[in-house]
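As a plain string of letters, each chain reads:
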Amino acid sequence: MQNYRILIEGDSSVLIVFGDAISTETNQKITSTVQLIREQKIEGIVDMIPAFVSLLINYNPLVISYDSLRARLEQILRVETRAAETIKRVYEIPVCYGGQYGPDLQNIADHAGLSPEEVVKIHTSRDYLIYMLGFLPGFCYLGGLDERIHTPRLESPRIRIPAGSVGIGGSQTGIYPMDSPGGWQLMGMTPVRTYDPARETPILVQAGEYIRFVEIDEAAFAEIKSQVDAGTYRVTVREGEA
C-alpha cells in the first residue's frame, strides 16, 4: 500500500505528497512517478514540478477534469516501482577550485580543519542527487554533501555571484546557474552553463538525476569555456542502475 496524498491546489493543479521526510527513497518514488506519468501521455497535463517530498501537477481543466485526472493518478500510484528500475544519470560537471574561481575555499578548509586539497578531494568524491530545482532557473538542490565540509553561509551575502560558481551553504552544495546575489561560500567555478535560455533544453539537468563534480585546472577551464561559447561542448553523462 503506497503512502501518499493527493491534494487540490487551485482550479488547475494537484499536489501529490509522498510523506514528510526527505530521503533518497522518496525522491526515487517521485522520479519513478514522473516517468510513469510521462509514459501514459495523459492529455491535459501541462507540466510537473518535483520537490523534496511532493509532486505538483498543473493541468488544463478544459481538457481533463479533476476527477478523471485523480483516477488516472491513483492507478499510476498503485504501481510498485523499485530503485533498480530507475536509470541513474550522472552529469560530470568540471570545476576549477580555489583562486579567483573559488575565493572562499580557504574559509571552508579552515572551518573544517582541513587543507583546501582535502576539501576538494571530499567534494569530488561522490555523486550528488538532485532533489529538486528552484530559487533560480536550473538551480539544483543537491543531497549528500559530506558532513566534514558543511560550512555556514557568509554573514554578509555578496551582491553578485557569477554564473557557474560552485559553493557550499550549510549542509548543501550547488551551482549558481546565473549571476545572482547570494551568501554561499564559493569554492570553485564551472564553465558549463547549467541554464542557457538560448538552448533547446534550457535547463541541463532534472530532479532525480545526479551531479558529479570533477576537478580541472585553469587551462582546462579556458578550453572548455571556449567550447561552451562555440556550442560544441557536451557534458559527459554516465548511466546505470540507481
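In the block above lies the structure referred to throughout.
Residues numbered from 1 in each chain as written. Predicted model: local features only at pLDDT ≥ 70, side-chain atom pairs only at ≥ 80, totals over all residues. Heavy atoms only, no water.

Colleague: How should I be thinking about the packing of aromatic side chains in this particular structure?
Modeller: Aromatic ring pairs are reported here in terms of the distance separating the ring centres and the angle at which the planes meet. Scanning all chains against the criterion turns up eight aromatic pairs. A ring pair is formed by Y128 and F213, whose centres lie 5.6 Å apart and whose planes are at 55°; its orientation type is tilted. With Y128 in strand β6 (residues 128-133) and F213 in strand β13 (residues 210-216), the pair connects residues that are 85 residues apart, well separated along the chain. The two residues Y128 and F213 agree in class, both being buried. Seen from their ring centres, Y176 and W184 are 6.2 Å apart, and the 80° between their planes marks the pair as edge-to-face. Of the two residues, Y176 and W184, both sit in the buried class. Here the aromatic residues F52, Y131, F139, Y141, Y176 and W184 are joined through ring pairs into a cluster of three or more. (Phe/Tyr/Trp six-rings, centres within 6.5 Å; stacked < 30°, edge-to-face > 60°. Helix = DSSP H or I, 4+ residues; strand = E, 2+ residues; numbered from the N terminus. Buried < 20%, exposed > 50% of the residue type's maximum accessible area, 1.4 Å probe, protein only.)

Colleague: Where do I start with the sheet that holds strand β1 (residues 5-8) in this structure?
Modeller: For sheets, the rule is that strands pair by backbone hydrogen bonds, running either parallel or antiparallel. The antiparallel open sheet is built from four strands, whose spatial order is β1-β2-β4-β3. Each edge of the open sheet is held by one strand with a lone partner, namely β1 and β3 (45-50). For this sheet the average axis-to-axis angle between neighbouring strands, irrespective of direction, equals 20°. In this sheet, strand β2 (residues 13-17) lies alongside β1 in antiparallel orientation, the contact comprising four bridges. Pairing of R5 across the sheet is with V17, part of β2. In the packing of helix α2 (residues 66-77) onto the sheet, the strands contacted are β1, β2, β3 and β4 (54-59), and the crossing angle to β1 comes to about 160°. (Pairing = 2+ DSSP bridges. Axes fitted to C-alpha atoms, helices over the stretch in contact; angles between N-to-C directions. Contact = heavy atoms within 4.5 Å.)

Colleague: Would you mind going over the packing of helix α3 (residues 105-112) against helix α4 (residues 116-123) with me for this structure?
Modeller: Angle between the axes and distance between the axes are the two parameters that describe a pair of packed helices. Orientation of α3 relative to α4, taken along the N-to-C sense of each, is 90°, at an axis distance of 8 Å. Between α3 and α4, the angle is such that the two are roughly perpendicular. In contact with L105, Q106, I108 and A109 of α3, α4 contributes P116, V119 and V120. Classifying every residue of the contact of α3 with α4 gives six nonpolar, one polar and no charged. (Parallel < 35°, antiparallel > 145°, perpendicular 65-115°, else oblique. Nonpolar A, V, L, I, M, F, W, Y, C, P; charged D, E, K, R; others polar.)

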